[in-house]
Amino acid sequence: MSLPVLAITLGDVAGIGPEITAKSLLGHDDLREKCVPVVIGDVASVRRGVEAVGGEASAVREINSPAEARNIPGTVEVVQVGQDLSDVVVGELSAAAGDGSYRYVVEACRLAKAGDVDGIVTAPLNKAAMHAGGHQFPGHTELLAHEFGVKDYSLVLSAGDLYFFHLTTHVSMRQAIEDITYDRTLSVLKLAGAFAKSMGTPDELIGLAGLNPHAGENRLFGNEDADVLAPAVAAAKDSGLNVEGPLPGDALIPSAVRGKVNLVVVCYHDQGHAPFKAVYGDDGVNITVGLPVVRVSVDHGTAFDIAGRGIAREASLVLSIERAAALAPEWGVVWDAAQVM
């Protein structure tokens, strides 16, 4: 069986993306037994990242397409996209770097749609830099959904067998409340159900966290849980899903961390991200469910404050590559199940 080819987008080259990419591909030869990693980005920035971590620039090999990759340990194979970014200052916000990070993702999506890669792994981009570069997407997830033309998708944080689906992510709290609708809630519950089905556990319990304290406490603390979330849960149950909620988030999430619930749907960014990162740190990754190909990302930012010093930890990127390699061969099942749901 051939190894899955993974497009690793370099992210913002002013951040730690180049050096954690270098550390991952030069320091973890076992990855070559699981996938064929191809960097989509800027050759000069990758060479600078390699040198920052004590490697030789000659380890970087420019190729024209993933089909040319040799997957030889001790090398980093890169497809150049767009202009040379050697003039970008590491650690400083740059419109050129933001534009580059956008173009790397777009190219990875093009390669995936053409069947040239089997999955996408994303190093971190900087949202402000991407906006400065002229691309007004809230983040990676929304950009990927746009490129693949999908409307039903969810950012999913994962560590081991635990998955946190999100109803909303990179919007203000005020906007998040408006965006949490019956249709959106039911859609994400069905995505979670489709994911469970693809993993061979169609009856897996899905826990939905409430929006308000104590899930509204019988309308004492708001009506959204009773008027929006509860009807969506009822409809999901009617469709055959094993769903409970809305449940108080401060009870559901600790229960999930203790291993009692593996599939959790949270309402907004920090409801999921804050406890997840506090518990799992570098052991977590970000998966986008609802795309036709697997996409896994590191669960951290560009870290401009330490960029270029060679001290950034690559653990999350290594884990992302491993998870994408494991999911890619059967991702069609996830996609097909999502379409049926």
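Parameters and conventions
- Residues numbered from 1 in each chain as written.
- Predicted model: local features only at pLDDT ≥ 70, side-chain atom pairs only at ≥ 80, totals over all residues.
- Heavy atoms only, no water.
- Helix = DSSP H or I, 4+ residues; strand = E, 2+ residues; numbered from the N terminus.
- Buried < 20%, exposed > 50% of the residue type's maximum accessible area, 1.4 Å probe, protein only.
- Polar contact = N/O pair within 3.5 Å; in protein donor to acceptor, adjacent residues only side chain to side chain.
- Axes fitted to C-alpha atoms, helices over the stretch in contact; angles between N-to-C directions.
- Parallel < 35°, antiparallel > 145°, perpendicular 65-115°, else oblique.
- Left-handed = near helix turned anticlockwise from the far one by under 90°.
- Contact = heavy atoms within 4.5 Å.
- Nonpolar A, V, L, I, M, F, W, Y, C, P; charged D, E, K, R; others polar.
- Pairing = 2+ DSSP bridges.
- Lys, Arg positive; Asp, Glu negative; His and termini not counted.
- Salt bridge = Lys/Arg side-chain N within 4 Å of Asp/Glu carboxyl O.
- Phe/Tyr/Trp six-rings, centres within 6.5 Å; stacked < 30°, edge-to-face > 60°.
- Lys NZ or Arg CZ within 6 Å of the ring centre and 35° of its normal.

Before going further, it helps to spend a moment on the side chain of Glu77. Position of Glu77 relative to the elements: it lies in strand E4 (residues 76–80). The exposure class of Glu77 is buried, given its relative accessible area of 2%. Here Arg61 takes part through its side chain, which lies 2.6 Å from a polar atom of the side chain of Glu77.

Two numbers describe a pair of packed helices, the interaxial angle and the distance between the axes. For the pair helix H1 (residues 17–27) and helix H2 (residues 43–52), the least separation of the axes is 8 Å and the interaxial angle reads 70°. One element, H1, and the other, H2, form an angle in the roughly perpendicular class. Of the two possible hands of crossing, H1 and H2 adopt the one that is right-handed. Residues Pro18, Glu19, Ala22 and Leu26 of H1 form the contact with H2, whose own contacting residues are Ser45, Gly49 and Val50. Class assignment of the residues belonging to the contact of H1 with H2 gives a composition of four nonpolar, two polar and one charged.

Let's shift gears to the sheet that holds strand E12 (residues 294–298). Taking strand neighbours across the sheet as the criterion, the 12 strands line up as E3-E4-E2-E1-E5-E12-E11-E6-E7-E10-E8-E9 in an open arrangement whose pairing is mixed. Because the sheet does not close on itself, it has two edges, and the strands there are strand E3 (60–63) and strand E9 (243–247). Pairwise comparison of adjacent strand axes, ignoring direction, gives a mean angle of 25° for this sheet. When strand E11 (residues 285–289) meets E12, the two strands line up antiparallel, connected through three bridges. Residue pairing in the sheet places Val285 in a bridge with Val298 of E12. Here H1 sits on the sheet and contacts strand E1 (5–9), strand E2 (36–41) and E4; the angle it forms with E2, its principal contact strand, is near 160°. Across the sheet, helix H9 (residues 249–257) lies against strand E7 (162–166), strand E8 (206–209), E9 and strand E10 (263–266), angled at about 145° from E8, the strand it touches most.

Bringing unusual backbone geometry into the picture now. Excluding glycine, a negative phi dihedral is what most residues carry, and trans is how most peptide bonds are arranged. A cis amide bond links Gly245 to the next residue, Pro246, at an omega of 0°. Note on placement: Pro246 falls in strand E9. Even without a glycine there, the phi angle at Ala215 is positive, about 55°. Take Ala215: it is sitting in the loop between E8 and helix H8 (224–238).

This paragraph deals with the side chain of Asp42. Within the element layout of this structure, Asp42 appears in the loop between E2 and H2. No salt bridge is formed by the buried Asp42; its nearest oppositely charged neighbour, Arg48, is found at 6.1 Å. A polar contact is formed between the side chain of Asp42 and the side chain of Ser45, at a distance of 2.6 Å. Only 3.1 Å separates the side chain of Asp42 from the side chain of Gln80, close enough to count as a polar contact. Residues contacting Asp42, with those up to four places away along its chain left out, are Leu10, Val13, Val78, Gln80, Gln83, Asp84, Leu85, Ser86 and Tyr104.

With that out of the way, let us pick up the packing of aromatic side chains. Evaluated as defined, the whole model comprises five aromatic pairs. Geometrically, the ring pair formed by Tyr163 and Phe195 is edge-to-face, given 4.8 Å between the ring centres and 65° between the ring planes. In this pair, Tyr163 is assigned in strand E7 and Phe195 in helix H7 (residues 182–198), connecting sequence segments 32 residues apart. Given a relative accessible area of 8%, Tyr163 falls into the buried group. For the ring pair Phe165 and Phe195, a centre distance of 6.1 Å and an interplane angle of 70° mean the geometry is edge-to-face. Here the residue Phe165 occupies a position in strand E7, and Phe195 occupies one in helix H7, the gap between them amounting to 30 residues. With respect to burial, Phe165 and Phe195 carry one shared label: buried. Through a chain of ring-to-ring contacts, the aromatic side chains of Tyr163, Phe165 and Phe195 assemble into a single cluster. A cation over an aromatic ring shows up here: Lys113 above the ring of Phe148, its NZ or CZ 6.0 Å from the ring centre. Over the ring of Tyr153 we find Arg184, and its NZ or CZ is 5.9 Å from the ring centre.

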